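Fold and contact review
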Amino acid sequence: MAATQEEIVAGLAEIVNEIAGIPVEDVQLDKSFTDDLDVDSLSMVEVVVAAEERFDVKIPDEDVKNLKTVGDATEYILKHQA
Amino acid sequence: MSKIKPSKGAPYARILGVGGYRPTRIVPNEVILETIDSSDEWIRSRSGIETRHWASDEETVAAMSVEASGKAIADAGISAEQIGAVVVSTVSHFKQTPAVATEIAHKLGTAKAAAFDISAGCAGFGYGLTLAKGMIVEGSAEYVLVIGVERLSDLTDLEDRATAFLFGDGAGAVVVGPSQEPAIGPTVWGSEGDKSETIKQTVPWTDYRTGEVEKFPAITQEGQAVFRWAVFEMAKVAQQALEAAGITSDELDVFIPHQANERIIDSMVKTLKLPETVTVARDVRTTGNTSAASIPLAMERLLATGEAKSGDTALVIGFGAGLVYAATVVTLP
Ligand SMILES: CC(C)(COP(=O)(O)OP(=O)(O)OC[C@H]1O[C@@H](n2cnc3c(N)ncnc32)[C@H](O)[C@@H]1OP(=O)(O)O)[C@@H](O)C(=O)NCCC(=O)NCCS
């Protein structure tokens, strides 16, 4: 069953917490991965792969650079999840 | 039909000795910053690399190989005449004919050992090891010298922000010989030619000769694509190598992945869920990425510092341009 926006944000929060050690409550829609959440470009690849598995989506490398904020990623996953 | 006598090999093979050679010139990140817009902090945080070694004109592919091999032969406690084959993996020896392995075999004083070069990028050591094991078990050589050697500084575009800081030079060698017990597990290896564009030489040599391009060829890569592949696909391959050898991660003592980038190493360790008891090679910090040389160099250092010891069970995995990969579990010499 497709995940809702809320579920996706919660899932991303867990992933970011796991990878960058940021508290889950800090992971909000308007937060930028690199500027606010200490996720650099290589950690972002890890976040993306974890999100692919969790939400059953494919996020190709060329799309990753457009996912600047948690909101961008959430929207992408909502649109592309199987 | 006449009956052909079969060759007779050893029951199993093992690594008997290891040796390394690092060029005398140590190059800190400050030198890299002279040609790219970057910072020491960025290079360390994205790659773990603090220093690398760059070879001088005298530290040729052959000279570095002879140094590393001499140490490996001494470590194995054999003499050069006993070596039946010399396998050299390199992508940075610029005289393709004859194979540099023949010069190395001669300089070491082998008794006309079979000698040849292979090209398997950063998986070269695992490819060479697999060939060596086959030769020993099949019976065409009793002892095989496997060398990984690179002068990647010759193939580095110092103005390319994605690679200028990454590569280093050096040679690592192992002597593989007969064993009564299995000490080199099954190799899990392969190639993914559909991803050949992700790490490659910029242009063929012939384009440089004809003047079609002005810049000397160099190695370029799509860093993030390589990172994703290395971390997630190669963790699966590493897991398969453990399973093929019948070793659980709890039974593993040492993990020696290709020293491509410390971030790849960190991520692989996490993905593989290796227990904290496993010693992880992080030679990349002071050696950079030396492609085919990185695994034997890291192995030699872990043994020299006492972080690993003879008889330890180690998982080795190489991966790189091709894309190609090779993983196996070995008993350390
Ligand atoms: C090379 C590597 C460290 C680059 O990291 P990356 O995160 O992919 O870098 P990107 O090119 O996406 O750039 C990310 C940011 O860092 C900046 N950047 C790139 N190179 C930089 C450098 N040398 N110094 C400082 N900043 C740099 C970029 O401008 C970009 O900044 P922006 O987000 O503000 O635009 C990384 O991709 C890597 O190591 N991949 C694996 C390569 C490897 O090991 N290959 C050998 C395998 S055998």
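Parameters at a glance
Note on numbering: residues in each chain are counted from 1, in written sequence order. Chain letters and ligand numbers both follow the written order, the letters beginning at A and the numbers at 1. Reporting of local features is limited, given that this is a predicted model, to residues whose pLDDT is at least 70; pairs of side-chain atoms are given and counted only at 80 or more, and all residues count toward the totals for whole chains, interfaces and linings. No hydrogens and no water enter the side-chain calculation; it runs on all heavy atoms of the structure. Nonpolar side chains (Val, Leu, Ile, Met, Phe, Trp, Tyr) are joined into patches within 5 Å and like charges within 9 Å, using only residues with over 30% relative accessible area and no salt bridge. For the area figures, the Shrake-Rupley method with a 1.4 Å probe applies, and any residue is considered shielded solely by the protein chains shown. Think of a salt bridge as a Lys or Arg side-chain nitrogen and an Asp or Glu carboxyl oxygen that are within 4 Å of each other. Strands here are runs of E lasting at least two residues and helices are runs of H or I lasting at least four, both read from the DSSP assignment and numbered beginning at the N terminus. Whether a residue is buried, partly exposed or exposed follows from its accessible area with a 1.4 Å probe, protein chains only, as a fraction of its type maximum: under 20%, in between, or over 50%, in that order. At least two DSSP bridges between two strands are required for those strands to pair. In this description, a line fitted to the C-alpha atoms serves as the axis of each element, helices being fitted only across the stretch in contact, and the angle between N-to-C directions of two axes falls anywhere from 0 to 180 degrees. Note on contacts: a residue pair qualifies if any of its non-hydrogen atoms lie within 4.5 Å across the two residues. Here a cavity denotes grid points, spaced 1 Å and computed from the protein atoms alone, that fit a 1.4 Å probe unable to get out, and a pocket denotes an open set having protein on both sides within 12 Å along at least 5 of 7 lines; residues with an atom within 4 Å of a point are the lining. Grid points are joined across faces, edges and corners, and a volume is the space filled by probe spheres set on the points. Each domain's limits were defined by an automated method or a database of domain assignments. Under the convention adopted here, Pro, Cys and the residues Ala, Val, Leu, Ile, Met, Phe, Trp and Tyr are nonpolar, Asp, Glu, Lys and Arg are charged, and Gly plus all remaining residues are polar. Once two parts are put together, the accessible area they lose, assessed with a 1.4 Å probe and summed over both, is termed the buried area. Pairs of N or O atoms within 3.5 Å make up the polar contacts considered here, provided that, within protein, one atom can donate a hydrogen while the other can accept it, and that residues adjacent in sequence are counted only when both atoms are side-chain atoms. The term nonpolar core refers to a set of buried residues drawn from Ala, Val, Leu, Ile, Met, Phe, Trp, Tyr and Cys, joined through side-chain atoms within 4.5 Å.

On to a nonpolar patch on the surface. Residues and elements named next belong to chain B. Where nonpolar side chains cluster on the molecular surface, the patch consists of F94, Y208 and F216 and spans about 270 Å² of accessible area. Turning to its location among the elements, F216 is positioned in the loop between α6 (205-209) and β10 (219-221). According to the relative accessible area criterion, F216 is partly exposed, its value standing at 38%.

So, on to the sheet that holds strand β1 (residues 12-21) of chain B. Residue and element names in this part refer to chain B. The sheet built from five strands is open, its strands ordered β1-β7-β6-β4-β5 with mixed pairing. Only two strands of the sheet have a single partner each, and these edge strands are β1 and β5 (114-118). Adjacent strand axes in the sheet meet at a mean angle of 20°, parallel and antiparallel pairs treated alike. Sheet topology places β1 next to strand β7 (residues 169-179); nine bridges connect them, and they run antiparallel. The residue bridging G20 from the neighbouring strand is G172, located in β7. Contacts between helix α3 (residues 61-76) and the sheet are confined to β1, β4 (83-89), β6 (143-151) and β7, with β1 contributing the most and set at about 130° to the helix.

This part is about the layout of surface pockets. The volume enclosed by the largest pocket comes to roughly 970 Å³. In terms of lining, the largest pocket is formed by 45 residues, of which the most central are B:F167, B:I199, B:K200, B:I219 and B:Q221. When contributions to the lining of the largest pocket are tallied by element, the ones reaching two or more residues are α3 (41-55) of chain A together with α2 (40-47), β9 (199-201), β10, α7 (223-245) and β13 (313-320) of chain B. It is α7(B) that contributes the most residues to the lining of the largest pocket, four residues altogether. When we break the lining of the largest pocket down by domain, the ones giving at least three residues each are domain 1 (12-181) and domain 2 (185-332) of chain B. The calculated volume of the second largest pocket comes to roughly 800 Å³. In terms of lining, the second largest pocket is formed by 29 residues, of which the most central are A:E46, A:V49, A:A50, A:E53 and B:F232. Of all the secondary structure elements, the ones that give two or more residues to the lining of the second largest pocket are α1 (5-20) and α3 of chain A together with α7 and α8 (262-272) of chain B. Broken down by element, the lining of the second largest pocket gets its largest block of residues, seven residues, from α7(B). Counted by class, the lining of the second largest pocket contains 11 nonpolar, three polar and 15 charged residues.

Attention now moves to the pattern of salt bridges. Within this structure, the stated rule accounts for 23 salt bridges over all chains. Two residues, A:E46 and B:K270, come together in a salt bridge whose shortest N-O distance is 3.5 Å. Of the two residues, A:E46 sits in helix α3 while B:K270 sits in helix α8, which places them in two different chains. Look at A:E46 and you get buried, because its relative accessible area is 10%. Residue B:K270 is classed as partly exposed on the basis of its relative accessible area, which comes to 41%.

By a frequent convention, interface size equals the accessible area lost on bringing the separate parts together. Residue and element names in this part refer to chain B. Annotation of chain B at the domain level lists domain 1 (12-181) and domain 2 (185-332). When each unit is reduced to the centre of its C-alpha atoms, the spacing between domain 1 and domain 2 is 14 Å. Contact with domain 1, which involves 51 residues of that partner, is made by 46 residues of domain 2. Taking both partners together, domain 1 and domain 2 bury about 3800 Å²; carbon and sulfur atoms supply 61% of that area. Our count for the domain 1 to domain 2 interface comes out at four salt bridges. K215 is paired through a salt bridge with D157; the nearest N and O atoms lie 3.2 Å apart. The interface formed by domain 1 and domain 2 contains 20 residue pairs in polar contact (both at pLDDT 80 or more). Elements that contribute at least two residues to the side of domain 1 that touches domain 2 include exactly β1, α2, β3 (51-54), α5 (124-138), β6 and β7. Grouping the constituent residues of the side of domain 1 that touches domain 2 by class yields 20 nonpolar, 19 polar and 12 charged.

Bringing the nonpolar core into the picture now. Counting 49 residues, the largest nonpolar core has B:I32, B:M234, B:F255, B:I264, B:L315, B:I317 and B:F319 as the members making the most contacts within it. Those elements that provide at least two residues to this core are α3 of chain A together with α7, α8, β13 and β14 (324-331) of chain B. At 12 residues, the largest contribution of residues to this core is made by α7(B). Residue contributions to this core reach at least three from each of two domains, namely domain 1 (12-181) and domain 2 (185-332) of chain B. The next biggest cluster of nonpolar side chains, apart from the first, holds 35 residues, and it includes B:A10, B:A13, B:A314 and B:V330.

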